[in-house]
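Chain by chain, the residues:
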Amino acid sequence: MSTLQRKLLRDLAGMWGQALAIALVIASGVATYVMSITTFEALYATQQNYYRDYRLADVFANLKRAPERLARRIAEIPGVDLLETRVQTQVNIDIAGFSDPVSGLLVSLPDNAEPQLNLLHLRQGRLPVSGRDDEIVLSEPFALAHQLRPGAKLSAIINGHRKTLTVVGIALSPEYINIIQPGALFPDDLRYGVLWMARTPLATAYDMEGAFNDLALTLFPGTPLEPVLEQLDFILTPYGGLGSYGREDQLSNRFVTSELQGLEVMAAVFPVIFMGVATFLLNVVISRLVGLQREQIAALKAFGYRNYEIGWHYWQLVMLITLLGVTLGIVFGVWLGHGLSNLYQTFYHFPYLDYHLRTGVALSAFAFSLAAALLGTLHALRRAVRLPPAEAMRPEPPARYRRGWLDRLGLQRLLSQPARMILRNLQRQPLKALFSVIGIALACAILVVGSFQEDSIDYMVTVQFRLSQKDDLSVALTGPSSHRALYELRSLPGVNHAEPQRAIPVRLRAGQYHYRTGVQGLTTDGVLYDLLDTDLQIIRLPPEGVVLSEYLARQLRVKAGDSVTLEVLEGARPVRQVPVAAVVQQYIGVAAYMDIDALNRLLGEAQALTGAALLVDATARQSVYQRLKEMPKVAGVTNKAHAISGFYDTMGENLLVFAFINTLLAGTITFGVVYNSARISLSERSRELASLRVLGFTRAEVGYILLGELGLLTLLAIPLGFLLGRGLSCAYMASALSSDLYQIPLITNPSSYAFAASVVLVCSLISSMLIGRQLKHLDLVGVLKTRE
């Protein structure tokens, strides 16, 4: 082992606390990067492999009814590869021992054969036999929620007739990674699932022999999507086509894609913060080390060591600290990533998980960290290399002290002597103080960002389900019905109030911009559904015109007073020019709204509804459920309270994991910055502090001078951390994570700021206590010796 190598190990041992603190900050950044990237790659690779292996379709279309021979005409569209027609319908389900309304989507399977597209991944059992009209395969999330296994039985209302069905298989499908009931906003596996049945018995039950009402197809690679959708819509329009759409607009795929975008945002934001702090810490530590070792550097050069050998010696120290941080970060990041991926697997119901750490991710993490370390220490390394031996043998010239603003304003008389020392030292080293404040502020910002996610979700749910939607139950009907259906719902014992709703699929156009969504018809004098503006003030539906959500208005580049073209995608498919009456705030989903009477006039129909919002007495809820189950026109029932509860049950675990990770990582940053700042300040001012002890200052007063400065910097950093967390990270994440599924509001509650400040203060206190113990070991005798 060479002399420089032994010196390297001694230096590292002498500064092990500072080195470990820096390594932990680097490890935090690397762990966040590795966790985000590996989880993203695992989910993306699993998603793509799952889609490929189980042949998820590229195009989907729903319609009312078309003859099977039409499939040959569709297959002749240029670019179409595989085509499969299906029969599907919504059904009500009755499960023994479960009183709430349950519904499901019943989908046909080819007789005695596997489907060509959207294959099932059987977890248990087998596929239905075509000759049996009572055999079904259940989606696994629904089966697990009700603890159903092959051989279990349940009842379903199929075309108005109750039928007992036998579960013969449990399966997953790439088409239903995330299963959401029509009209609902969140998955509810207890109350909605997918059932697959052989084609012949299902078609017979719904008078669909030789016909279909749903199809899926794949395209040859390189085939443009839009021309295929246009030709497909043209062919299906006479048969009640509801508008075709590509895979990117398929609801389940959109949920997964949205989550992947969130992981990309996380991978972009957090590692940059950690590496920025690590860069600052390395700069301070190595600069101070070079300053303390001036005489050693001079001696090494006098003995013949060259400049590059001196520079390489200190660069090895930096690399060892960085390598320790990267190694810890990769190990911790893989552990976190694997756990997070498993969490997503249970949420999105993938049949397997393709999780692994690519060599490229580890190398990029190391390169990223090394670049940050080089950036932070380049100036200090240049000082060590360029320091002439003769100059290095002399002590550093004393700093030039001037009267600061405290003295010029005469405020020093209002402060104690230790307090004046604290403020004067900060005035004389403003750059160092600024960097310390920024480092602690970034830790505080990470905590604010972590809490922002939970605060935003709470706010979204409050606005959407407590301020806007005030109903208890939402009832979907099997199709457009007369007002007689509403009277029947109102007459149910326990129903205090009922309001009609009319939903139609549409395509909205404004110039070259268009968007496929739905128009919701509501009553102008309703009390169960309020439209809110951006200030959360109620907007009454106008008698004419359409009201757009803010996100939809942005997509179409329109505002109140403009006009849009409304293309109805069902029935006679009228096309009308309608004015935009107002723009409303909506955080979940994208929709347009009209007065229900105006919407029915636009469709050329009499008073009709496709659903209703109910206000139900809590004591009669179970009896209302039972009566709704028995009504053949009811296609499904959504309980708002259950939907919110299910959403929080699902999201709660994710939020808890993210909150824990954010708290741990932010605590690491705070500890690293405060501990290193205090340790460096102690080494720089040990002679001064020991002199004060000799002059009669107590240990408490000396500790107040050293640690009071750090406390003041921490207090200054916390408000800056609030601003950075909200203004930069939260605003960026809210913008980046918003999509047509969710529009994330920029909301942070006071309790979140209080939590962030508390964590920073506690970590600062722990660091200060560790440094405070070292004040007991000040060399008071060495202070009296004259430094040459």
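Structural data are supplied above this passage.
This is a predicted model, so every value here is computed, not measured. (Residues numbered from 1 in each chain as written. Predicted model: local features only at pLDDT ≥ 70, side-chain atom pairs only at ≥ 80, totals over all residues. Heavy atoms only, no water.)

1. Describing the overall build of the chain
Inference 1: Within the chain one finds 22 helices and 22 strands.
Inference 2: A burial count over the chain gives 57% of its 788 residues as buried.
Inference 3: Within the chain, residue pairs in contact and separated by at least 24 positions form 81% of the contacts whose partners lie at least 6 positions apart.
Inference 4: Counting only carbon and sulfur atoms, one obtains 58% of the accessible surface of the chain, whose full area is about 34500 Å². (Helix = DSSP H or I, 4+ residues; strand = E, 2+ residues; numbered from the N terminus. Buried < 20%, exposed > 50% of the residue type's maximum accessible area, 1.4 Å probe, protein only. Contact = heavy atoms within 4.5 Å. Areas by Shrake-Rupley, 256 points an atom, 1.4 Å probe, with all protein chains shown as cover.)

2. What to know about the pattern of salt bridges
Inference 1: Across all of its chains, the model carries 22 salt bridges by this definition.
Inference 2: Of the charged contacts in the structure, one is a salt bridge between Arg-86 and Glu-175, with a shortest N-O distance of 2.8 Å. Placement of Arg-86 in strand β2 (residues 80–86) and of Glu-175 in the loop between β8 (161–172) and β9 (192–198) is noted, with a sequence separation of 89 residues between them. Grouping residues by exposure puts Arg-86 and Glu-175 together as buried.
Inference 3: Between Arg-507 and Asp-233 there is a salt bridge, and its shortest N-O distance comes to 3.5 Å. Of this pair, Arg-507 sits in strand β13 (residues 495–510) while Asp-233 sits in helix α6 (residues 225–236), and the two are 274 residues apart along the sequence.
Inference 4: The exposure class assigned to Arg-507 is buried, which follows from its relative accessible area of 14%.
Inference 5: Among the charged side chains, a network of salt bridges with common partners joins Arg-126, Arg-132, Asp-134 and Glu-135. (Salt bridge = Lys/Arg side-chain N within 4 Å of Asp/Glu carboxyl O.)

3. Focus: the packing of helix α1 (residues 3–14) against helix α9 (residues 307–348)
Inference 1: Remark: α1 packs on α9, axes separated minimally by 10 Å, with the N-to-C direction vectors making an angle of 40°. Comparing the axis directions of α1 and α9 gives the class oblique. Here α1 runs over α9; the crossing is right-handed. Side by side, α1 and α9 meet where Leu-4, Lys-7, Leu-8, Asp-11 and Leu-12 of the first sit next to Glu-309, His-313, Tyr-314, Gln-316, Leu-317, Leu-320 and Ile-321 of the second.
Inference 2: Partitioning the contact of α1 with α9 into residue classes produces seven nonpolar, two polar and three charged. (Axes fitted to C-alpha atoms, helices over the stretch in contact; angles between N-to-C directions. Parallel < 35°, antiparallel > 145°, perpendicular 65-115°, else oblique. Left-handed = near helix turned anticlockwise from the far one by under 90°. Nonpolar A, V, L, I, M, F, W, Y, C, P; charged D, E, K, R; others polar.)

4. Focus: the sheet that holds β2
Inference 1: The four strands lie next to each other as β2-β10-β1-β11, forming an open sheet whose pairing is antiparallel. Every other strand in the sheet has two partners, leaving β2 and β11 (245–246) as the edge strands with one partner each.
Inference 2: Taken together, the six bridges between strand β1 (residues 59–67) and strand β10 (residues 211–219) define a ladder with antiparallel strand orientation. Bridging from a neighbouring strand, Val-59 pairs with Leu-217 of β10.
Inference 3: α6 contacts β1, β2, β10 and β11 of the sheet and is inclined by roughly 15° relative to β1. (Pairing = 2+ DSSP bridges.)

5. Description of α1
Helical periodicity: at 3.6 residues per turn, an α-helix aligns residues three or four positions apart in one direction.
Inference 1: Taking 1.5 Å of rise per residue, 12 residues should cover 16 Å, and α1 covers 16 Å from first to last C-alpha, within 8% of that figure.
Inference 2: Listing the buried residues of α1 in full gives Leu-4, Lys-7, Leu-8 and Asp-11. Looking straight down α1, one finds its buried side chains confined to an arc of 105°; they lie on one side. Residues Arg-10 and Ala-13 are exposed on α1 and point more than 90 degrees away from its buried face. (Expected span 1.5 Å × (residues − 1). Arc of directions from axis to C-beta.)

6. Here we look at the pairing of strand β19 (residues 575–584)
Inference 1: Here strand β17 (residues 546–549) runs beside β19; their pairing, made up of four bridges, is parallel. From the neighbouring strand, Ser-549 faces β19, where its bridge partner is Val-584.
Inference 2: Relative to β19, strand β18 (residues 563–568) runs antiparallel, the two sharing five bridges. Bridge pairing in β19 places Ser-563 opposite Pro-579.
Inference 3: Between β18 and β19, which pair antiparallel in sequence order, lie six residues; one of them, Gly-571, sits at a positive phi of approximately 60°.

7. Considerations on the packing of helix α2 (residues 16–53) against helix α10 (residues 359–386)
Inference 1: Following both chains from N to C, one finds α2 and α10 inclined at 150°, their axes separated by 10 Å at the closest point. On the basis of their axis angle, the class for α2 and α10 is roughly antiparallel. For the element pair α2 and α10, the recorded crossing hand is right-handed. Mapping the contact onto sequence places Ile-26, Val-30, Tyr-33, Val-34, Ile-37, Thr-38 and Glu-41 in α2 and Val-361, Ser-364, Ala-365 and Ser-369 in α10.
Inference 2: Tallied by class, residues from the contact of α2 with α10 come to seven nonpolar, three polar and one charged.

8. Comments concerning unusual backbone geometry
Inference 1: Positive phi outside glycine occurs at Gln-147, with the angle close to 55°.
Inference 2: Note on placement: Gln-147 falls in the loop between α4 (140–146) and β7 (153–158).
Inference 3: Owing to a relative accessible area of 66%, Gln-147 belongs among the exposed residues under this scheme.
Inference 4: Phi at Arg-557 is positive, roughly 55°, even though this residue is not glycine.
Inference 5: By the element assignment, Arg-557 lies in the loop between α16 (550–556) and β18.
Inference 6: On the basis of relative accessibility, which here comes to 53%, the residue Arg-557 falls in the exposed class.

9. Thoughts on the nonpolar core
Nonpolar side chains in soluble globular proteins generally cluster together in the buried interior.
Inference 1: With 70 residues, the main nonpolar core has Ile-26, Val-30, Val-34, Leu-282, Tyr-314, Ile-321 and Ile-669 as its most contacted residues.
Inference 2: When sequence neighbours within four positions are dropped, the list of residues in contact with Val-34 reads Thr-39, Ile-330, Gly-333, Val-334, Leu-357, Val-361 and Ala-365.
Inference 3: Tyr-245, Leu-260, Leu-263 and Phe-465 belong to the second largest nonpolar core, which has 40 residues in total. (Core = buried A, V, L, I, M, F, W, Y, C linked by side-chain atoms within 4.5 Å.)

10. Some remarks on the side chain of Ser-252
Inference 1: Structurally, Ser-252 is set in helix α7 (residues 251–292).
Inference 2: Apart from the residues within four sequence positions on either side, Ser-252 is in contact with Pro-174, Glu-175, Tyr-176, Ile-177 and Asn-178.

11. Describing the packing of aromatic side chains
Inference 1: Following the criterion strictly, the structure yields nine aromatic pairs and no others.
Inference 2: A centroid spacing of 5.8 Å and a plane angle of 55° characterise the contact between Tyr-529 and Tyr-593, whose relative ring orientation is tilted. Taken together, the positions of Tyr-529 in the loop between β14 (513–522) and β15 (531–532) and Tyr-593 in strand β20 (residues 592–595) put the pair 64 residues apart, joining distant regions of the chain. Summarising the burial analysis for this pair, Tyr-529 and Tyr-593 share the class buried.
Inference 3: Three or more aromatic residues joined by ring pairs make a cluster, and in this case those are Tyr-50, Tyr-54, Phe-350 and Tyr-352. (Phe/Tyr/Trp six-rings, centres within 6.5 Å; stacked < 30°, edge-to-face > 60°.)

12. Topic: the environment of Glu-605
Inference 1: Looking at the secondary structure, you find Glu-605 in the loop between α17 (596–603) and β21 (609–616).
Inference 2: Using a relative accessible area of 36% as the deciding quantity, one classes Glu-605 as partly exposed.
Inference 3: With sequence-adjacent residues up to four places away left out, Glu-605 is seen in contact with Arg-502 and Asn-600.

13. Quick look at the pairing of β2
Inference 1: In terms of burial, β2 is a largely internal element, five of the seven residues being buried.
Inference 2: Sheet topology places β2 next to β10; five bridges connect them, and they run antiparallel. Its bridge partner being in β10, Val-80 is matched across the sheet by Leu-219.

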